[in-house]
Each structure stands twice: as structure tokens, then as C-alpha cells.
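# Tertiary structure, described
The primary structure of each chain is shown beneath.
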Amino acid sequence: MNNSFDHLDTEYYVERAYQLRSEYVAAAVKSLVARIKSALTSGKRSTSAPLQGNPAH
């Protein structure tokens, strides 16, 4: 015997799982972007430092 309430509960939990996963991915991406920005803006980097490697000409 198939219970229609079981089917509705399954749909609810599947949708809830998608929502939670979406929120988790958004938070992870936001955190990663913040860490990258922090890494690029922190430190004592000098913009007048000579380039390394061979010249292109």
C-alpha cells in the first residue's frame, strides 16, 4: 500500500537538502573570495620590485 504522505515527506526533505546545499555552497564561495581578497591585499608587497625572469625583448 502506497501512502501519499510518505511521498510528500520525501519531496520536502529532497527540496530542503537542495536548499541547504545551495546555502552551503554560497557560504563556501563567499568565504573563499574573502580569503583570496585578504591574501591579495595583505602583506608588505612592493609594486616597485623588479620583475623576475628573462625580459621579453
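A few points on the structure.

Analysis parameters
Residues numbered from 1 in each chain as written. Predicted model: local features only at pLDDT ≥ 70, side-chain atom pairs only at ≥ 80, totals over all residues. Heavy atoms only, no water. Helix = DSSP H or I, 4+ residues; strand = E, 2+ residues; numbered from the N terminus. Areas by Shrake-Rupley, 256 points an atom, 1.4 Å probe, with all protein chains shown as cover. Patch = residues over 30% accessible without salt bridge, like charges linked within 9 Å, V, L, I, M, F, W, Y side chains within 5 Å. Salt bridge = Lys/Arg side-chain N within 4 Å of Asp/Glu carboxyl O. Phe/Tyr/Trp six-rings, centres within 6.5 Å; stacked < 30°, edge-to-face > 60°. Buried < 20%, exposed > 50% of the residue type's maximum accessible area, 1.4 Å probe, protein only.

## Some words on the overall build of the chain
- From N to C terminus, the chain includes one helix and zero strands.
- For the chain, the accessible area works out to roughly 6,000 Å², and carbon and sulfur atoms hold 59% of it.

## A word on a nonpolar patch on the surface
- Residues Y24, V25, V29 and V33 make up a contiguous nonpolar surface patch of about 380 Å² in total accessible area.
- Relative to the helices and strands, V33 resides in helix α1 (residues 4-41).

## Here's the deal with the packing of aromatic side chains
- Overall, the coordinates contain one aromatic pair when judged by the stated rule.
- Here Y12 and Y13 contribute two aromatic rings whose centre-to-centre distance is 5.0 Å and whose plane-to-plane angle is 75°, an arrangement assigned as edge-to-face.
- On the accessibility criterion, Y13 (56% relative accessible area) is exposed.

Everything listed here is a matter of geometry and, on its own, says nothing about what the molecule does.
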